[in-house]
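Working through the structure, step by step
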Amino acid sequence: MAREIRFTLFGIVLAHPCDERRPMPRQRRARRRARFPATVGRHVTRLMTVAALLIGAAGALADEVVSRHGMVATQEKRATQVGAEILRRGGNAVDAAVAVGFALAVTLPKAGNLGGGGFMLVHLARSRRDIAIDYRETAPAAATRDMFLNAAGAADPDKSRASGLGVGVPGTVAGLVLAHARFGSGRLTLAELIAPAIRLAREGVALEDDLHDSLLLAAPKLARWPTSAAIFLAPDGGVPPPGAMLRQPDLAATLEAIARNGARGFYGGPVAEKIAAAVRAAGGRMSGDDLRTYRARLRAPVRGRYRGHTILSMPLPSSGGVHLIEMLNVLERFALRHMGARSPQALHVMIEAMKLAYADRAEFMGDVAGVPIARLTSRRYARGLARRIDLARATPSAAIRPRGAALREGDNTTHFSIVDRFGNAVANTYTLNLNYGLGLVAAGTGVLLNNELDDFAAKPGAPNAFGLIGGEANAPGPGKRPLSSMSPTIVLKNGRVVLVTGAPGGSRIITGVLQIIVNVIDHRMPLARAVAAPRVHHQWMPDEVVVEPGIAPEVIAELRRRGHHVRVGPNFGTANSVAVTPRGLVGAADPRVRGTFARGP
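Residues numbered from 1 in each chain as written. Predicted model: local features only at pLDDT ≥ 70, side-chain atom pairs only at ≥ 80, totals over all residues. Heavy atoms only, no water.

1. Some thoughts on the overall build of the chain
Put simply, the rule reads: Numbering of helices and strands runs from the N terminus, with a helix taken as a DSSP run of H or I at least four residues long and a strand as a DSSP run of E at least two residues long. The contact criterion used is simple: two residues touch if any of their non-hydrogen atoms lie within 4.5 Å. For the area figures, the Shrake-Rupley method with a 1.4 Å probe applies, and any residue is considered shielded solely by the protein chains shown.
Helix and strand counts for the chain come out as 21 helices and 23 strands. Across the chain, the fraction of contacts at a sequence separation of at least 24, relative to all contacts at a separation of at least 6, is 72%. Just so you have it, the chain exposes about 23100 Å², and 55% of that area is on carbon and sulfur atoms.

2. Examining helix 2 (residues 77–88)
Quick note on the threshold: Multiplying one less than the number of residues by 1.5 Å gives the expected span of a helix. Burial classes follow relative accessibility: with a 1.4 Å probe on protein chains only, a residue under 20% of its type's maximum area counts as buried, one over 50% as exposed, and anything between as partly exposed.
Its 12 residues place the ends of helix 2 16 Å apart at the C-alpha level, agreeing with the 16 Å of an ideal helix rising 1.5 Å per residue. Restricting attention to buried positions, one finds in helix 2 the residues Arg 78, Ala 79, Thr 80, Val 82, Gly 83, Ala 84, Ile 86 and Leu 87.

3. Concerning the pattern of salt bridges
For the record, the criterion: The term salt bridge refers to a pairing of a side-chain nitrogen on Lys or Arg with a carboxyl oxygen on Asp or Glu at a separation within 4 Å.
What the rule picks out here adds up to 29 salt bridges. Of the charged contacts in the structure, one is a salt bridge between Lys 355 and Glu 352, with a shortest N-O distance of 2.7 Å. Of this pair, Lys 355 and Glu 352 both sit in helix 15 (residues 344–364), 3 residues apart, roughly one helical turn. Each member of the pair, Lys 355 as well as Glu 352, carries the same accessibility label: buried. For Asp 590, the salt bridge identified is with Arg 592, shortest N-O distance 2.9 Å. As far as burial versus exposure is concerned, Asp 590 and Arg 592 are alike and both buried.

4. A word on the packing of helix 3 (residues 93–107) against helix 5 (residues 172–183)
The condition that has to hold: For every element, the axis is a line fit to its C-alpha atoms; helices are fit only across the contacting stretch, and the angle between N-to-C directions ranges from 0 to 180 degrees. Here roughly perpendicular refers to angles of 65 to 115 degrees, roughly parallel to angles under 35, roughly antiparallel to angles over 145, and oblique to all remaining angles. Take the far helix as the reference: if the near one is turned anticlockwise from it by less than a right angle, the crossing is left-handed, and if turned clockwise, right-handed.
Put simply, helix 3 and helix 5 touch, their axes get as near as 9 Å, and they point 165 degrees apart. With respect to helix 5, the element helix 3 is oriented roughly antiparallel. The two elements helix 3 and helix 5 cross, and the hand of that crossing is left-handed. Across the interface between the two elements, Val 94, Asp 95, Ala 97, Val 98, Gly 101 and Phe 102 of helix 3 pack against Leu 176, Ala 179, His 180 and Phe 183 of helix 5.

5. Quick look at the nonpolar core
As a rule of thumb, nonpolar side chains are buried together in soluble globular proteins. Here is the rule: We call a set of buried Ala, Val, Leu, Ile, Met, Phe, Trp, Tyr and Cys residues a nonpolar core when their side-chain atoms join them within 4.5 Å.
By size, the foremost hydrophobic cluster in this structure holds 85 residues, and its most contacted members are Phe 102, Leu 114, Met 120, Leu 255, Phe 266, Ile 418 and Leu 449. Setting aside chain neighbours within four positions, we find Phe 266 in contact with Leu 114, Pro 170, Val 173, Thr 254, Ile 258, Val 271, Ala 272, Ile 275 and Val 447. Counting 61 residues, the second largest nonpolar core, distinct from the first, contains Val 302, Phe 334, Val 349 and Leu 356.

6. A short note on the packing of aromatic side chains
As a reminder of what qualifies: In this analysis, rings of Phe, Tyr and Trp, with Trp reduced to its six-membered ring, are considered paired at centre separations within 6.5 Å, and the interplanar angle assigns stacked below 30 degrees, edge-to-face beyond 60, and tilted for intermediate values.
Across all of its chains, the model carries 4 aromatic pairs by this definition. When the ring of Phe 232 is compared with that of Tyr 436, the centres are 5.7 Å apart and the planes differ by 75 degrees; the resulting orientation is edge-to-face. Within this pair, whereas Phe 232 is found in helix 8 (residues 226–232), its partner Tyr 436 is found in the loop between strand 13 (425–431) and strand 14 (441–442), the two being separated by 204 residues in sequence. Taken as a pair, Phe 232 and Tyr 436 share a single burial class, namely buried. Between the aromatic rings of Phe 416 and Tyr 430, the centroid separation amounts to 6.3 Å while the plane-to-plane angle is 90 degrees, which identifies the pairing as edge-to-face. Linking Phe 416 in strand 12 (residues 413–420) with Tyr 430 in strand 13, this pair joins segments that are 14 residues apart in sequence. Each member of the pair, Phe 416 as well as Tyr 430, is classed as buried. Ring-pair connections join several aromatic residues into one group, and the members of that group are Phe 266, Tyr 267 and Tyr 294.

7. A look at the pairing of strand 4 (residues 70–74)
In plain terms, the rule: Strands are labelled as partners when DSSP assigns at least two bridges between them.
Burial runs high along strand 4: 5 of the 5 residues are buried. A two-sided burial pattern is seen for strand 4, the buried positions comprising Gly 70, Val 72 and Thr 74 on one face and Met 71 and Ala 73 on the other. Sheet analysis places strand 4 next to strand 12, joined by 4 bridges and oriented antiparallel. Directly across from Gly 70, in strand 12, lies its bridge partner Asp 420. With 3 bridges connecting them, strand 4 and strand 23 (residues 597–599) associate as antiparallel partners. Its bridge partner being in strand 23, Val 72 is matched across the sheet by Arg 599.

8. Observations concerning the sheet that holds strand 18 (residues 536–537)
Pairing is mixed across the open sheet formed by 3 strands, whose spatial order is 18-19-20. The open sheet is flanked by strand 18 and strand 20 (566–568), the only strands paired with a single partner. As judged from the 3 bridges shared by strand 19 (residues 545–547) and strand 20, these two strands associate in the parallel manner. Counterpart to Val 545 in the pairing with strand 20 is Val 566.

9. Considering a positive patch on the surface
For the record, the criterion: Residues form patches when they are more than 30% accessible in relative terms and have no salt bridge. Like charges link within 9 Å. Nonpolar side chains (Val, Leu, Ile, Met, Phe, Trp, Tyr) link within 5 Å. The convention is simple: Lys and Arg are positive, Asp and Glu are negative, and His and the chain ends are not counted. Where a charge sits is defined by one atom per residue type, namely NZ (Lys), CZ (Arg), CG (Asp) or CD (Glu).
A contiguous patch of positive charge, built from Arg 333, Arg 380, Arg 383 and Arg 387, is present on the exposed surface. Note that Arg 383 resides in helix 17 (residues 379–387). The partly exposed category is assigned to Arg 383, whose relative accessible area is 32%.

10. Examining helix 3
Three- or four-residue spacings in an α-helix give side chains the same orientation, since the helix completes a turn every 3.6 residues. Put simply, the test is: Each polar contact in these results corresponds to two N or O atoms within 3.5 Å; when the atoms are within protein, one needs to be able to donate a hydrogen and the other to accept it, and residues that are neighboring in sequence are counted only if both atoms are side-chain atoms.
Between its terminal C-alpha atoms helix 3 stretches 20 Å, which fits the 21 Å expected from 15 residues at 1.5 Å a residue. Here helix 3 lies mainly inside the structure; 15 of its 15 residues are buried. Taking the backbone nitrogen of Val 94 as reference, a side-chain oxygen 3.1 Å away marks Asn 92 as the first, capping residue of helix 3.

11. Looking at the sheet that holds strand 21 (residues 577–581)
Within the open sheet, the 7 strands sit side by side as 3-22-21-17-16-11-10. Their pairing is antiparallel. Bordering the open sheet on either side are strand 3 (64–67) and strand 10 (302–306), each of which pairs with just one other strand. If you compare each strand with its neighbour and ignore which way they point, the axes differ by 25 degrees on average. Bridge count for strand 3 against strand 22 (residues 584–588) is 4 bridges, and the pairing is antiparallel. Counterpart to Glu 64 in the pairing with strand 22 is Ala 588. Packed onto the sheet, helix 13 (residues 320–331) meets strand 10, strand 11 (309–313) and strand 16 (489–493) and runs at close to 15 degrees relative to strand 10. This element, helix 19 (residues 509–521), spans strand 10, strand 11, strand 16, strand 17 (496–501) and strand 21 of the sheet and lies at about 135 degrees to strand 17.

12. Some points on the packing of helix 13 against helix 17
Condition: The residue classification treats Ala, Val, Leu, Ile, Met, Phe, Trp, Tyr, Cys and Pro as nonpolar and Asp, Glu, Lys and Arg as charged. All others, Gly included, are polar.
Where helix 13 contacts helix 17, the two axes come as close as 8 Å, and the packing angle between them is 60 degrees. The orientation of helix 13 relative to helix 17 falls into the category oblique. When you trace helix 13 past helix 17, the crossing you get is right-handed. Only Arg 379, Tyr 381, Ala 382, Leu 385 and Ala 386 of helix 17 make contact with helix 13, whose side of the interface consists of Glu 326, Asn 329 and Val 330. The class makeup of the residues in the contact of helix 13 with helix 17 is 5 nonpolar, 1 polar and 2 charged.

13. Looking at unusual backbone geometry
With an omega dihedral of 10 degrees, the bond running from Leu 316 to Pro 317 counts as a cis peptide bond. Cis geometry is adopted by the peptide bond preceding Pro 542, which originates at Met 541 and carries an omega value of -5 degrees. Assignment of secondary structure puts Pro 542 in the loop between strand 18 and strand 19. Positive phi, normally seen in glycine, also occurs at Arg 307, with a value near 50 degrees. Structurally, the position occupied by Arg 307 is in the loop between strand 10 and strand 11. Its identity as a non-glycine residue notwithstanding, Asn 494 has a phi of 55 degrees, on the positive side. Residue position: Asn 494 is located in the loop between strand 16 and strand 17. You can call Asn 494 exposed: its relative accessible area is 65%.

Here it is in structure tokens:
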């Protein structure tokens, strides 16, 4: 008979067979006893190797968690814990999203914010309602078409990225307050949802993971502004060491004003006066009236169908939903699953669809009026686009549309996904645009200001900070909302949520969300693998494919053979996502950035 040597390592019971089918003579037993320490050593070495492999595999999957009672996936663990606690207390997905949105303003200042804006997509399970909340920043009333041009009439990037002219009227507070008032559970007050953020701001958060990494990158920008340096940098101008506490008492006071007075605590009174004064002192044109008259807007989501699923995403002023559905309509004409995940053929088709959609984005997209949304999202239009794809060769971008260039959104955006035990879901993406926005904290408020107006087309054909080019439809103007790539998305099957996703990453947002949906629906990947899988991106102009590390060299070589100009670039944004599966709610925190976290209540 055979017995096993059992070995427990880190709580894992491992076994190795030991053959004892017949008795051994005395001499053999003696020799075996003499060798026993070495034999056991070999067994233990093998078992430890297996254990290490198991632990390594578990580590690769550690960003995926399962819960039956709700799920929160965000870019920062303390904010995730805040949201999970709200769900545990009986709040719904919207309540948790509001609490997370305010908490990230404290714990992820490079992108989480009160001084920026974004989009929230809500699915209410009981009433089967789907709502898009547009809290994108707006240009002040004094904005003009030529505000970002120099004396020679050329686009001046410093005006839109490094001065107060680039600051849009913030929308985040209005959006979160509206979401709570209209779609919250009613069990928790706004003050209760903001309380965790106030505590984090007053008591401080440790500088670790992506928070510390981001400060190392942003230190020169923050050093430009004394009000910012006093909060985020050491007295010598350097970045405090890991583990140091970041305390933000002015931000805590602003959060308390919102908790007491709602949106009026931010858009009126001392806070609004200080924000407008800081923008004007930095060369901008914002007034108190711009803040007082700001409103978040409720919109109907953009809807599409993909292989039996309903796709819900953001309408204008986000281009994300329109072009996500446009690309999915094209890709539905091709058998991606049979081509194979990340095969040269599947990636080639996807890249060609990206180019076609981003060329349309540059030509047509801007603030709401006059954009042919119905045409761009129609299946008939997609059939015509699909026929233009050569399965053997890449189409040069100039042959798709000979003029203009593409648009781009700030990389330092953040996305979170939430599903509660009732089946309600929230996909939320918001941003300051560039890393820490303008880098300027409005004195006495703790509020970092955005530079979102760089997302306007300063001049037709002039690229913004991310190489995206736009036309007259996305020109600056009083009260206009600049075009965005943010694409919070919810996927339904038979009216029920199956996937909640979205991403930061500027112009790569739309293509990142596209690939997660394709990975889940076409290639049937588990969520953690679908989120972590390396991605590709093409935005029509410049005519190049950017691929993440991890795409096989032979695949890159084949793409080049087909005529694609391929560049291996850095990782794209973190797509923290939630899937609804038979085994429960699955949360996947994207491993591309340190500190991402998914958790149930």
